[in-house]
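Structural overview
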Amino acid sequence: MSTKQSVTEVLNKQISNFSILYVKLHNYHWYVKGEGFFELHTKFEEFYTEFATYIDELAERILAIQGNPVATMRDFLQQSSITEAKGNENAGQMVQEIANNFTILINEIKAGVEVAEQANDGPTADMLTHIQTNLEKHLWMLQAFLRK
């Protein structure tokens, strides 16, 4: 496998993850109820708006290195480490699930930075590091919300 192909696979994995998470966050945004509604309704929207930008940036990076970004729900579901919302989560379960998903993303992105660095692809490594930094901050805040 070429290094460009490895970087493209890393980026496509994250396009898939963020695409599934984008839909999950919409579900949570629409269906959150109870204590924390206003705060969580707004936060879930902030997350999915941020992640829409990541999806586009990741896909455009793949195109810039002459790769092909995944772009179908079927591909997203096949490649994602993130699962869809079940549809019956309460507010606390929603926050815990998102925190769990962010942990998965952070670990995968850390590994992706290493792949990009081995491929001498500094721009991709920098982009992934930026995303990782934001996710780590979000995870810290979610954990504080959960009082962990």
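Here goes a summary of the coordinates provided.

Reading the values: rules and limits
The numbers attached to residues start from 1 for each chain and follow its sequence in the written order. Local features in a predicted model are, by the rule used here, given only for residues with pLDDT of at least 70; side-chain atom pairs are given and counted only at 80 or more, and totals for whole chains, interfaces and linings are based on all residues. Only hydrogens and water are removed before side-chain values are computed, so all heavy atoms of the structure are retained for them. For helices, the axis comes from a line fit to the C-alpha atoms of the stretch in contact; other axes are also lines fit to C-alpha atoms, and the angle between any two N-to-C directions lies between 0 and 180 degrees. Each helix is a run of DSSP H or I of at least 4 residues and each strand a run of E of at least 2, with the numbering of both proceeding from the N terminus. Orientation categories follow fixed angle ranges, with anything under 35 degrees roughly parallel, anything over 145 roughly antiparallel, 65 to 115 roughly perpendicular, and all other angles oblique. Definitions for this section: a left-handed crossing has its near helix turned counterclockwise from the far helix by less than a right angle. A right-handed crossing has that turn clockwise. Residues are sorted three ways: Asp, Glu, Lys and Arg are charged, Ala, Val, Leu, Ile, Met, Phe, Trp, Tyr, Cys and Pro are nonpolar, and all the rest, Gly among them, are polar. It only takes one pair of heavy atoms within 4.5 Å for two residues to be counted as in contact. What we call a nonpolar core is a set of buried Ala, Val, Leu, Ile, Met, Phe, Trp, Tyr and Cys residues that are connected through their side-chain atoms within 4.5 Å. Burial classes follow relative accessibility: with a 1.4 Å probe on protein chains only, a residue under 20% of its type's maximum area counts as buried, one over 50% as exposed, and anything between as partly exposed. Definition used for salt bridges: Asp or Glu carboxyl oxygen within 4 Å of a side-chain nitrogen of Lys or Arg.

Moving on, we come to the packing of helix α1 (residues 3-31) against helix α2 (residues 37-64). Axis separation between α1 and α2 bottoms out at 9 Å; the angle between their running directions is 155°. The angle between the axes of α1 and α2 places the two elements in the roughly antiparallel class. Crossing hand, α1 versus α2: left-handed. Partitioned by chemical class, the residues of the contact of α1 with α2 number 17 nonpolar, seven polar and two charged.

A separate point is the packing of α1 against helix α5 (residues 122-145). Look at α1 against α5: their axes get within 12 Å of each other, and the N-to-C directions meet at 30°. One element, α1, and the other, α5, form an angle in the roughly parallel class. Judged by the twist between their axes, the crossing of α1 over α5 is left-handed. Residue-level contacts link V7, V10, L11 and F18 of α1 to T124, M127, L128, I131 and L135 of α5. Within the contact of α1 with α5, the residues separate by chemical class into eight nonpolar, one polar and no charged.

Our focus in this paragraph is unusual backbone geometry. One non-glycine residue, Q66, lies in the positive phi region at around 70°. Of note in the backbone geometry, N120 takes a positive phi value of approximately 55° without being a glycine. Looking at where N120 falls in the secondary structure, it is placed in the loop between α4 (91-118) and α5.

Turning our eyes to something else, we now look at the nonpolar core. Counting 43 residues, the largest nonpolar core has F18, F44, F51, I98, F102 and L135 as the members making the most contacts within it. What F18 contacts, discounting residues up to four positions off in sequence, is F51, Y54, I55, L58, L105, I109, I131 and L135.

Below, the discussion takes up the pattern of salt bridges. One pass over the full model with this rule turns up three salt bridges. Notably, a salt bridge pairs K24 with E97, separated by 2.8 Å at the nearest N-O pair. Of the two residues, K24 is situated in helix α1 and E97 in helix α4; the sequence distance between them amounts to 73 residues. The buried category is assigned to K24, whose relative accessible area is 1%. Residue class for E97 comes out buried when judged on its relative accessible area of 19%. With a closest N to O distance of 2.8 Å, E46 and K43 form a salt bridge. Of the two residues, E46 and K43 both sit in helix α2, three residues apart, roughly one turn of that helix. Taking the relative accessible area as the measure of exposure, E46 reaches 41% and is therefore partly exposed. For K43, a relative accessible area of 26% puts it in the partly exposed group.

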